[in-house]
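# Reading the structure
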Amino acid sequence: MFASMSQYFGGPDPAQIQEQEAQVKEAMENRAEAQQQMAAQQVDAQRTMMTAQAEQQTQAVTAQLTMQRDQKLMAVEQRYTQQKIQLEQQQTQALSQLDQQAFALAARSQQARAQAEMQSRYSGYTGYTAPTMDESAVTEQKEHQAGLIQQRGAAQLEHMTAQYEMQKEMITLESQRALDMALAQIQVKTQQSTMALDQRLQQQTMMLNQQKLEATGQLRQRAVQMTARSEERRVGKECRSRW
């Protein structure tokens, strides 16, 4: 990465060599710092992108699982509503049949009573009549049977409602568990990707520091050599001048 900087050393003066060495060293450090900042910015951009992707995945998974949960809840509710309607229809039909039976019994009782009265009025003789229930007994029996039908219907409705509530709770819990697992997987994947980015940035930083250290050492070695040569030339000139 760091090219050789020996071309900067052209003057024989040790002070100039030292000044040029400081300038080259500063330029190398600035260049390394700029590269380090660029690497950090790239990692930050990638981390931001990964965070946005994870957020999008979270929203998509949440929407999908929520829709599936709502569809299941709607299906359960529709089935529960249909069962309630069927139960109400069965109860209404049973009460209607009970009304018809009670009406028939009351009609037979009235007919038998009327026949007995007519026979007694015209013949003066009261013959045998089959025993029948009077209207009060018919009404009492009807109310008793109706109460049993309503109790049985209430028990069935209570059982259906308990099953419905249990199914709703199971669907909600299963959906939440699936959502938690999906979000946990997204989070783990994001954390792993972030760790990989951080490791890569650390490796790049170590490599840049190593390159900077090597280039600085080469620069120092070159400066020492140039200083020694400059000193040799100076000493040689002094010796020649004395001769």
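Residues numbered from 1 in each chain as written. Predicted model: local features only at pLDDT ≥ 70, side-chain atom pairs only at ≥ 80, totals over all residues. Heavy atoms only, no water.

### Thoughts on the overall build of the protein
Heads up, the condition is: In this text, helices come from DSSP runs of H or I with a minimum length of four residues, and strands from runs of E with a minimum of two, each type numbered from the N-terminal end. In this scheme, a residue with accessible area under 20% of its type's maximum is buried, one over 50% is exposed, and one in between is partly exposed, where area comes from a 1.4 Å probe on protein chains only. Here a residue-residue contact requires only that any non-hydrogen atoms of the pair lie within 4.5 Å. Per-residue and other accessible areas follow the Shrake-Rupley method at a 1.4 Å probe size, with only the shown protein chains counted as cover for residues.
The helix and strand tally for the protein stands at 2 helices and 0 strands. Burial status across the protein gives 18% buried among its 243 residues. Contacts spanning at least 24 positions in sequence make up 86% of the contacts within the protein whose residues lie at least 6 apart. A total accessible area of about 17,900 Å² is found for the protein, and carbon and sulfur atoms account for 52% of it.

### Digging into the side chain of threonine 194
The cut-off we apply is this: Counted as a polar contact is a pair of N or O atoms within 3.5 Å, where, for protein atoms, one must be capable of donating a hydrogen and the other of accepting one, and residues adjacent in sequence contribute only when both atoms are in side chains.
If you trace the backbone, threonine 194 turns up in helix H2 (residues 135-242). Separated by 2.8 Å, the side chain of threonine 194 and the backbone oxygen of threonine 190 make a polar contact. In this structure, threonine 194 is in contact with Arg47 and Met50, ignoring residues within four places of it in sequence.

### Regarding the pattern of salt bridges
Spelled out, the test is: Here, a salt bridge means any Lys or Arg side-chain nitrogen found within 4 Å of an Asp or Glu carboxyl oxygen.
According to the stated counting rule, one finds 5 salt bridges in the structure shown. Between aspartate 44 and arginine 47 there is a salt bridge whose closest N-O contact spans 2.9 Å. Here arginine 47 and aspartate 44 lie together in helix H1 (residues 14-123), a separation of 3 residues that amounts to about one turn. You can call aspartate 44 partly exposed: its relative accessible area is 41%. Its salt-bridge partner being arginine 47, residue aspartate 198 comes within 2.4 Å of it at the nearest N-O pair.

### Describing the nonpolar core
For clarity, the threshold we go by: Nine residue types can take part in a nonpolar core, namely buried Ala, Val, Leu, Ile, Met, Phe, Trp, Tyr and Cys, and a core is a set of them joined through side-chain atoms within 4.5 Å.
Counting 6 residues, the largest nonpolar core is built from Val76, Tyr80, Leu87, Met160, Tyr164 and Ile171. Counting only elements with at least two residues in this core, the list comes to H1 and H2. Excluding residues that lie within four positions of it along the chain, valine 76 makes contacts with Tyr164, Gln167 and Ile171. Counting 5 residues, the second-largest nonpolar core is a separate cluster that includes Ala39, Val43, Leu197 and Leu201.

### Some words on the packing of aromatic side chains
How two aromatic rings sit relative to each other is set out by the distance from centre to centre and by the angle between their planes. Where we set the bar: For Phe, Tyr and Trp, rings pair up if their centres lie within 6.5 Å, where Trp contributes its six-membered ring, and each pair is then called stacked (planes under 30 degrees apart), edge-to-face (over 60) or tilted (otherwise).
Applying the stated criterion across every chain yields a total of 1 aromatic pair. Judged by centre distance (4.2 Å) and plane angle (5 degrees), the rings of tyrosine 80 and tyrosine 164 are stacked. A residue pair is termed long-range when its members are at least 10 positions apart, and tyrosine 80 in helix H1 and tyrosine 164 in helix H2 qualify at 84 residues. No difference in accessibility class separates tyrosine 80 from tyrosine 164, as the two residues are buried.

### Observations concerning the environment of arginine 229
Inspection of the secondary structure puts arginine 229 in helix H2. Judged by relative accessible area, which is 41%, arginine 229 ranks as partly exposed. When the C-alpha atoms of arginine 229 and proline 14 are compared, they prove to be 9.6 Å apart, with 215 residues separating the residues in sequence.

### Side note on the confidence of the model for the protein
This is how the line gets drawn: Think of pLDDT as the predictor's per-residue confidence, scored from 0 to 100.
Predicted confidence across the protein gives a mean pLDDT of 83, with 85% of residues reaching 70 or more. Below pLDDT 50 for its whole length, residues 1-11 participates in 26 contacts with residues either more than four positions away or in separate chains.

### What to know about the side chain of serine 175
Inspection of the secondary structure assignment puts serine 175 in helix H2. In contact with serine 175, other than residues within four places in its own chain, are Leu65 and Arg69.

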